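Summary of structural features
Here is how the chains run, residue by residue.
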Amino acid sequence: MALLAKAEGAALLDRFRRYLRDHRQPVTRQRDLVAQVVFPPQGRPSVESNGRALKARGAHVGVATVYRTLEVLVQRGLVRAQDFGEGFKR
């Protein structure tokens, strides 16, 4: 999997923020932090690995917020959910 350049990750983050504003959804600090961890991706991250990355940054983001934010990113087409037969999606 090719990693995104820093500028591409920043552009996706901007698109995500714009999507939230356009759909009158709150652009919260927690959602922004989740998106920052996702863009650019490091391999095939899971919700758990994203949570660990957030914790390593000192961010206090609940697992439910991570799931909901990732679902918005998938719905918007900014990330893809893939099932590798592990019992959960990445």
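In the block above lies the structure referred to throughout.
Note that the structure is a prediction, hence the values are computed from the model and not measured.

This part is about the packing of helix H2 (residues 29-38) against helix H4 (residues 63-76). As a packed pair, H2 and H4 sit with axes 9 Å apart at the nearest point and diverge in direction by 65°. Overall, the two elements H2 and H4 adopt an arrangement that is roughly perpendicular. Helix-helix and strand crossings are classified by hand; for H2 and H4 the assignment is right-handed. Here H2 contributes Gln30, Arg31, Val34 and Val38 to the contact with H4, which in turn contributes Thr65, Val66, Thr69, Leu70 and Leu73. Split into classes, the residues belonging to the contact of H2 with H4 amount to five nonpolar, three polar and one charged.

All right, on to the environment of Thr65 then. The residue Thr65 is located in helix H4 in this model. Expressed as a C-alpha distance, the spacing of Thr65 and Gln30, which sit 35 residues apart in the sequence, is 7.4 Å.

Okay, H4 next. What sets the pattern is the α-helix's 3.6 residues per turn: residues three or four places apart point alike. An ideal rise of 1.5 Å per residue puts 20 Å on 14 residues; H4 measures up with 20 Å between its terminal C-alpha atoms. Those residues of H4 not exposed but buried are Thr65, Val66, Thr69, Leu70, Val72 and Leu73. What you see down the axis of H4 is that its buried residues fit within an arc of 155°, all on one side. Of the exposed residues in H4, those oriented more than 90 degrees away from the buried face are Val63, Arg68 and Gln75.

Calculation rules
- Residues numbered from 1 in each chain as written.
- Predicted model: local features only at pLDDT ≥ 70, side-chain atom pairs only at ≥ 80, totals over all residues.
- Heavy atoms only, no water.
- Axes fitted to C-alpha atoms, helices over the stretch in contact; angles between N-to-C directions.
- Helix = DSSP H or I, 4+ residues; strand = E, 2+ residues; numbered from the N terminus.
- Parallel < 35°, antiparallel > 145°, perpendicular 65-115°, else oblique.
- Left-handed = near helix turned anticlockwise from the far one by under 90°.
- Contact = heavy atoms within 4.5 Å.
- Nonpolar A, V, L, I, M, F, W, Y, C, P; charged D, E, K, R; others polar.
- Expected span 1.5 Å × (residues − 1).
- Buried < 20%, exposed > 50% of the residue type's maximum accessible area, 1.4 Å probe, protein only.
- Arc of directions from axis to C-beta.

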